[in-house]
Amino acid sequence: MPELPEVEVVRRGIHRWATYATIRSVEVLDERSLRRHKRGRADFMGQLQGQRLEEPQRRGKYLWIPYGEGYCAIIVHLGMSGQMLIADPSIPDPKHLKIRLTITSGDRIQELRFVDQRIFGGLYLDELVPADDRPEQLLPATVTHIGRDPLDEHFDTEQIFRKLRKRRSNIKRALLDQSLSSGIGNIYADEALFRARLHFTRPTETLTRNEVSRVYTAAEQVMRLALSQGGTSFDALYVNVNGESGHFDRSLYVYGRHGKPCYRCQEQGRETVIERTKFMNRSSYFCPVCQPVPRRARA
DNA sequence: CGCAGGTCCTGCACGC
DNA sequence: TGCGTGCAGGACCTGC
């Protein structure tokens, strides 16, 4: 599932292979991938024709490619199953190809392909506006409500701590709330909680400054580690990379490991098994010893 | 048939 | 009353 590290790998690939390229043609094979482009298919195609792409940017799981003197951008959201591929036109269309941008750089012709099996993702066009907190930074208007991510140099843990004290929710819901902090999905939320030794039902207002710092630092570290392991596998013809193409799954401590031993307990000679619980309509993985259920848990 | 889950939308409760 | 806000849960999708 694409969370922040996977999206960043894609951003780097696009940066390397498509920056300053010009869009020669646009083909929309499935209009459902333009659901978030309110002005429709014809507008999408017309706006992009002939545009020169600039350096791709990212916040959390949102990726965008500015064009048009930097006032507009193509917004890419991968959703659950989206991929952005750079491909030579001679490579056959993959299954679930939704949108094709044919681009040129000098005399080289390539395709930027948006592929998405489940259509939770999509492309759309948006204008760039100044960020509320730092006006010199431009963001798509539809991304201004997304919080800074833990890899952002201006990520502010103290501000998050203050907001958490006012919330009446639990820590996992907060980690997944993209308006508070972005980029963290179900996998990295569970990994961060395990590393910080916090249970997902912990009420947000009871978290100490130290615990908040621990869990967001853990999120940053686990995502940097994932990035370092997933960012090694692309070349000119196959830039992609959704989570599966990296090798990060070998480094997950809890996610998907229910019924298997907890590594931390194992080191201390205890035989504890990772548990899986249904929570917020999805799975949560945790070690019952390292992450005990809080006295006043909040579902 | 259940499961995978990111984001959007709706509805509810609450406070002013 | 009405509005804004915070929170929770379902809908959207397809393939295995």
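Scoring rules and cut-offs
- Residues numbered from 1 in each chain as written.
- Chains lettered and ligands numbered in written order.
- Predicted model: local features only at pLDDT ≥ 70, side-chain atom pairs only at ≥ 80, totals over all residues.
- Heavy atoms only, no water.
- Helix = DSSP H or I, 4+ residues; strand = E, 2+ residues; numbered from the N terminus.
- Polar contact = N/O pair within 3.5 Å; in protein donor to acceptor, adjacent residues only side chain to side chain.
- Contact = heavy atoms within 4.5 Å.
- Near = heavy atom within 4 Å.
- Nonpolar A, V, L, I, M, F, W, Y, C, P; charged D, E, K, R; others polar.
- 1 Å grid on protein atoms, 1.4 Å probe; cavity = no way out; pocket = protein on both sides within 12 Å on 5 of 7 lines; lining within 4 Å.
- Points joined across faces, edges and corners; volume = space filled by probe spheres on them.
- Domains from an automatic or database assignment.
- Buried < 20%, exposed > 50% of the residue type's maximum accessible area, 1.4 Å probe, protein only.
- Phe/Tyr/Trp six-rings, centres within 6.5 Å; stacked < 30°, edge-to-face > 60°.
- Lys NZ or Arg CZ within 6 Å of the ring centre and 35° of its normal.

Visitor: Account for the side chain of glutamate 205, naming residues and giving values.
Guide: Of note, glutamate 205 is situated in the loop between α5 (186–196) and α6 (209–230). There is a polar contact of 3.0 Å between the side chain of glutamate 205 and the side chain of arginine 298. Ignoring any residue separated from it by four or fewer positions in sequence, one finds glutamate 205 in contact with Leu164, Arg165, Arg167, Arg168, Ser169 and Arg298.

Visitor: Could you give an account of the protein's contact with DNA strand C, with specific residues and numbers?
Guide: Lining the immediate surroundings of DNA strand C are Arg32, His96, Gln117, Arg118, Ile119, Phe120, Arg167, Arg168, Ser169, Arg173 and Asn281. If you look at DNA strand C and keep only atoms within 4 Å of the protein, 70% of those are sugar or phosphate atoms. One nitrogen or oxygen atom from the side chain of arginine 118 is found 3.3 Å from a base oxygen belonging to DNA strand C. Between DNA strand C and the protein, one listed contact pairs a phosphate oxygen with a backbone N or O atom of arginine 168 at 2.8 Å. Here the residues of the surface near DNA strand C are counted per class, giving two nonpolar, four polar and five charged.

Visitor: Could you give an account of the protein's contact with DNA strand B, with specific residues and numbers?
Guide: Neighbouring residues of DNA strand B: 18 residues in total, closest His77, Arg118, Phe120, Tyr255 and Lys278. At 3.1 Å, a side-chain N or O of tyrosine 62 approaches a phosphate oxygen of DNA strand B. Take arginine 276: an N or O atom from its side chain is 3.1 Å from a phosphate oxygen of DNA strand B. Broken down by secondary-structure element, the contributors of at least two residues to the surface near DNA strand B are β10 (275–279) and β11 (282–286). Of the residues contributing to the surface near DNA strand B, the split by class is five nonpolar, six polar and seven charged.

Visitor: Hey, could you go over the layout of surface pockets for me, with residue numbers and the actual values?
Guide: Approximately 530 Å³ is the volume found for the largest pocket. For the largest pocket, the lining is made up of 20 residues, of which Lys61, Met80, Gly185, Asn186 and Arg282 are closest to its centre. When contributions to the lining of the largest pocket are tallied by element, the ones reaching two or more residues are α5 and β11. Class assignment of the residues belonging to the lining of the largest pocket gives a composition of ten nonpolar, six polar and four charged. The residues that make up the lining of the largest pocket include at least three from each of domain 1 (4–143) and domain 2 (157–286).

Visitor: Summarise α5; cite the residues concerned and give the values.
Guide: The buried fraction of α5 amounts to ten of the eleven residues, a majority that puts the element mostly inside the structure. Those residues of α5 that sit buried are Asn186, Ile187, Tyr188, Ala189, Asp190, Glu191, Ala192, Leu193, Phe194 and Ala196. Positive phi appears at arginine 197, one or two residues downstream of α5, with a value of about 55°.

Visitor: Could you give an account of the packing of aromatic side chains, naming the residues involved and the relevant values?
Guide: One pass over the structure, following the stated rule, counts six aromatic pairs. Both rings, one in phenylalanine 194 and one in tyrosine 253, keep their centres 6.0 Å apart while their planes meet at 75°; by these two values the pair is edge-to-face. Residue phenylalanine 194 is found in helix α5, and its partner tyrosine 253 is found in the loop between α6 and α7 (263–267); the two are separated by 59 residues along the sequence. The class for phenylalanine 194 is buried, based on a relative accessible area of 2%. Relative to tyrosine 263, the ring of tyrosine 253 has its centre 6.1 Å away and its plane inclined at 85°; by these criteria the two rings are edge-to-face. Placement of tyrosine 253 in the loop between α6 and α7 and of tyrosine 263 in helix α7 is noted, with a sequence separation of ten residues between them. Here tyrosine 253 falls in the partly exposed class, since its relative accessible area comes to 33%. Judged by its relative accessible area of 35%, tyrosine 263 is partly exposed. Counting every residue linked through ring pairs, the aromatic cluster contains Phe194, Tyr253 and Tyr263. Across the ring face of phenylalanine 120, the terminal group of arginine 118 is positioned such that the distance to the ring centre comes to 5.5 Å. In this structure, arginine 264 packs its charged tip against the face of phenylalanine 194, placed 4.2 Å from the ring centre.

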